[in-house]
Amino acid sequence: MLESRIIEIDGTFLGTVILEADRQTRRFYATHDSVRAFHNRTLHGSDDVTRQVARLYRRSHVHVDRHDATGGK
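Notes on the structure in this doc start here.

Counting 14 residues, the largest nonpolar core has Ile7, Ile9, Leu14, Phe28, Val35, Val49 and Val53 as its most contacted members. Elements that contribute at least two residues to this core include exactly β1 (3-9), β2 (12-19), β3 (25-30) and α1 (49-69). When neighbours within four sequence positions are excluded, valine 49 is seen to be in contact with Arg5, Ile7, Val17, Phe28 and Leu43.

Next up on the list: unusual backbone geometry. For arginine 23, which is not glycine, the phi dihedral falls at a positive 65°. Tracing the sequence through the fold places arginine 23 in the loop between β2 and β3. Although it is not a glycine, asparagine 40 sits at a positive phi angle of roughly 70°. Structurally, asparagine 40 is set in the loop between β3 and β4 (42-44).

Definitions and cut-offs
- Residues numbered from 1 in each chain as written.
- Predicted model: local features only at pLDDT ≥ 70, side-chain atom pairs only at ≥ 80, totals over all residues.
- Heavy atoms only, no water.
- Core = buried A, V, L, I, M, F, W, Y, C linked by side-chain atoms within 4.5 Å.
- Buried < 20%, exposed > 50% of the residue type's maximum accessible area, 1.4 Å probe, protein only.
- Helix = DSSP H or I, 4+ residues; strand = E, 2+ residues; numbered from the N terminus.
- Contact = heavy atoms within 4.5 Å.

As structure tokens, this is what we get:
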């Protein structure tokens, strides 16, 4: 690992993007269950994993909030 960048959305640590030895490939390491679908995903070039992870995280929280509001129905 040459460098990494933390991804935090709305105060929640979701994971980190790690720069691989080839200095072009980036790998996402998920730490939050809501974004596990992106764990170990590799990115090349300027792909914006932060935007994708944020969208998945927020989508899962909207679903959870609606579920809680309906009493689990």
